[in-house]
Amino acid sequence: MITPVLLCGGSGTRLWPLSRKSYPKQFAPIWGEDTLFQRSARRLSGPDFAAPLVITASDFRFIVAEQLQETGVEPGTILLEPEGRNTAPAILAAALLVSKTDPDGLMLVAPCDHAVSDTDAFRDAVRAGVPAAQAGQLVTFGITPDYPETGYGYLELAEDPDGSKPVALSRFIEKPDATRAAEMVAGGRHLWNGGIFLFRASDILAAYAESAPHLMDPVRAAVDDATPDLGFLRLAPEPWAKAEDISIDFAVMERSSNLSVVPLTHGWSDLGGWDAIWRESPQDGAGVATSGPATALDCENTLLRSESDQLELVGIGLKDIVAVAMPDAVLVAHASQAQSVKNAVAALKKKSAAQATQFPKDHRPWGWFECLALGGRFQVKRIHVHPGAALSLQSHNHRSEHWIVVQGTAKVTIDGKEDLVTENQSVYIPLGAVHRMENPGKVPMVLIEVQTGSYLGEDDITRYEDVYART
């Protein structure tokens, strides 16, 4: 059995405004209803695979648990990083955990923000790499390039590829310029570096001990002192902070000699920019891809995507343009500048724009909310509470609230008194009152909240009880 190690802690700024720090691209439904994370979990499940080990940030823990529950995939461990330290410490922590129960257990490490269109071909490639991994090789997976991409690293093979047969790796090559990329694609011995790895826990631990010994003590201490928390496992923050922020390629792979590559011939994209989304999307005869309420007139090689049912996006006479509309932000860029979107995010952060990092919907363990209107002394929210979920018992120092239930039934507690509030009914929460909202039903509960007061920030909350153990 292979233990999948799903990496899902990245921020994905190159897909702004759909992907943001508070809700990155792996948790978004790029196509259809399933998110990239859910597709990854399904792809790495079945008779060949054990329950996945998921590594994510603490802020995303409930999103991970909820999305796995929706897919029917039961996780082995959801490991929480106190802070992002790149892939080398994360994969080392996973290897230490796997080695506790099976020192020679096989691990398949995969990012959760990639698209793989042919699941069967991917699983066949993994099976092809198993004998090499069991023989002590560190196996990586390289993608046969379709074009001279300058946004990827490359793998140089020691010999010509032969189907899915593992081939010795000669060296890693960092992101090239256009001329060098074209030469490598034409030569036939270079593959895109997909950042996917297969190895035994004992072999990767030996590689760390040889090539990155300075990571061993802090990461081992973070794992040994990890604490369980509501079904999650939290790495100890103090030793974790001492681990170097470095990728596994730089820390280990580029220093190792026992490396093999399994070619993936097609059906992969890291979705590293809106140009990649355009290439992977269904297009009409003019190369136009639309998503959501979007209309294209006389356009060519253009992506139009609207993420709001209330916002119709119309493009007229556009060529080589990416336009993405969210309820709170709109991106318009030439396709050749798709990789520069991260620079726009940096500029928005510099001017303290909330849109740089905050997603319009604020996801919580009990559901989500979004702001419908905001003024100097008032705010209107739509709040969605999952069946059986409950907000914390809390109070506010600076605001009062009016709740109007528009779907389902709310169980409301105000200063110790409980009431059921059904559709078309409302309730008033005075400033300072200790209150809680619960959904006792089997369908989602939706209400409109009107806040009034001198300060409306999310940090104006005093929690007394919380089933999710938030502080």
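Residues numbered from 1 in each chain as written. Predicted model: local features only at pLDDT ≥ 70, side-chain atom pairs only at ≥ 80, totals over all residues. Heavy atoms only, no water.

- For the protein, an unreviewed UniProt entry supplies the name mannose-1-phosphate guanylyltransferase and the organism Roseovarius atlanticus.
- Heading Sequence similarities (unreviewed entry) of the UniProt record for the protein holds this comment: "Belongs to the mannose-6-phosphate isomerase type 2 family."
- If you open the UniProt record of the protein and go to Catalytic activity (unreviewed entry), you find "alpha-D-mannose 1-phosphate + GTP + H(+) = GDP-alpha-D-mannose + diphosphate". (UniProt positions renumbered as here; feature names shortened; annotations may be inferred.)

1. Here's the deal with the overall build of the protein
Piece 1. Regarding its fold elements, the protein presents 11 helices and 30 strands.
Piece 2. For 471 residues, the compact-globule formula gives about 23 Å, and the C-alpha radius of gyration of the protein, at 24 Å, lands near that figure.
Piece 3. Viewed in the frame of its principal axes, the protein has a C-alpha envelope of about 70 × 60 × 40 Å.
Piece 4. For the protein, buried positions account for 52% of its 471 residues.
Piece 5. Contacts spanning at least 24 positions in sequence make up 69% of the contacts within the protein whose residues lie at least 6 apart. (Helix = DSSP H or I, 4+ residues; strand = E, 2+ residues; numbered from the N terminus. Rg over C-alpha atoms; globule rule 2.2 N^0.38 Å. Buried < 20%, exposed > 50% of the residue type's maximum accessible area, 1.4 Å probe, protein only. Contact = heavy atoms within 4.5 Å.)

2. A few points about the sheet that holds strand β16 (residues 303-306)
Piece 1. Taken together, the four strands give an open sheet; going across it, the order is β14-β16-β18-β19, and neighbouring strands pair in mixed fashion. Each edge of the open sheet carries a strand with a single partner, namely β14 (289-291) and β19 (330-334). The average angle at which neighbouring strand axes cross in this sheet is 5°, direction not considered.
Piece 2. Judged from the five bridges that link them, strand β18 (residues 321-325) and β19 form a sheet pairing that is antiparallel. Its bridge partner being in β19, Ala325 is matched across the sheet by Val330. (Pairing = 2+ DSSP bridges. Axes fitted to C-alpha atoms, helices over the stretch in contact; angles between N-to-C directions.)

3. Digging into the UniProt feature "domain: MannoseP isomerase/GMP-like beta-helix" (unreviewed entry) in the protein
Piece 1. Taken from the UniProt record, the annotation "domain: MannoseP isomerase/GMP-like beta-helix" (unreviewed entry) applies to residues 296-348.
Piece 2. Taken end to end, residues 296-348 is 15% helix and 38% strand, and its two terminal C-alpha atoms sit 28 Å from one another.

4. A closer look at the pattern of salt bridges
Piece 1. Under the definition given, this model contains 23 salt bridges.
Piece 2. As a salt-bridge pair, Asp34 and Arg42 come within 2.3 Å of each other at their nearest N and O atoms.
Piece 3. On the basis of relative accessible area, Asp34 is assigned to the partly exposed category, the value being 28%.
Piece 4. Between Lys411 and Glu418 there is a salt bridge, with the nearest N and O atoms lying 3.7 Å from each other. (Salt bridge = Lys/Arg side-chain N within 4 Å of Asp/Glu carboxyl O.)

5. Some details on the domain arrangement of the protein
Piece 1. Parsing the protein into structural domains produces domain 1 (3-269), domain 2 (274-348) and domain 3 (361-465).
Piece 2. Between the C-alpha centres of domain 1 and domain 3 there is a distance of 39 Å. (Domains from an automatic or database assignment.)

6. Thoughts on the nonpolar core
Piece 1. Phe37, Leu108, Phe141 and Trp274 are the most contacted members of the largest nonpolar core, which totals 88 residues.
Piece 2. Counting residues per element, this core draws most heavily on helix α4 (residues 119-134), at six residues.
Piece 3. Excluding residues that lie within four positions of it along the chain, Phe141 makes contacts with Leu108, Ala125, Val126, Leu155, Trp192, Gly194, Ile196, Phe197, Leu198, Val261, Val262 and Leu264. (Core = buried A, V, L, I, M, F, W, Y, C linked by side-chain atoms within 4.5 Å.)

7. Observations concerning the packing of helix α3 (residues 87-101) against helix α6 (residues 201-211)
Piece 1. Viewed as axis vectors pointing N to C, α3 and α6 meet at an angle of 135°, and their least axial separation amounts to 9 Å. The angle between α3 and α6 places the two elements in the oblique class. In this structure, the crossing between α3 and α6 has a hand that is left-handed. Of α6, the residues touching α3 (which contributes Thr87, Ala88, Ile91, Leu92, Ala95, Leu96, Val98 and Ser99) are Ala201, Ile204, Leu205 and Tyr208.
Piece 2. Residues that form the contact of α3 with α6 fall into these classes: 10 nonpolar, two polar and no charged. (Parallel < 35°, antiparallel > 145°, perpendicular 65-115°, else oblique. Left-handed = near helix turned anticlockwise from the far one by under 90°. Nonpolar A, V, L, I, M, F, W, Y, C, P; charged D, E, K, R; others polar.)

8. With respect to the pairing of strand β27 (residues 426-429)
Piece 1. Because side chains alternate across β27, one face comprises the buried residues Val427 and Ile429, and the other comprises Ser426 and Tyr428, none of which is buried.
Piece 2. With four bridges joining them, strand β24 (residues 399-407) and β27 adopt antiparallel strand pairing. Across the sheet, residue Glu401 finds its bridge partner in β27, namely Ile429.

9. Notes on the UniProt feature "domain: Mannose-6-phosphate isomerase type II C-terminal" (unreviewed entry) in the protein
Piece 1. If you check UniProt for "domain: Mannose-6-phosphate isomerase type II C-terminal" (unreviewed entry), the listed places come out as residues 356-466 in our numbering.
Piece 2. The distance separating the terminal C-alpha atoms of residues 356-466 is 29 Å; by composition the span is 0% helix and 59% strand.

10. Side note on the environment of Ala50
Piece 1. In this structure, Ala50 sits in the loop between α1 (36-43) and β2 (53-57).
Piece 2. Of the residues examined, Ala50 reaches a relative accessible area of 24% and is grouped as partly exposed.
Piece 3. In this structure the C-alpha to C-alpha distance between Ala50 and Gly105, which are 55 residues apart in sequence, comes to 10 Å.
Piece 4. With residues near it in sequence (within four places) discarded, Ala50 still touches Met1, Ile2, Thr3 and Pro4.

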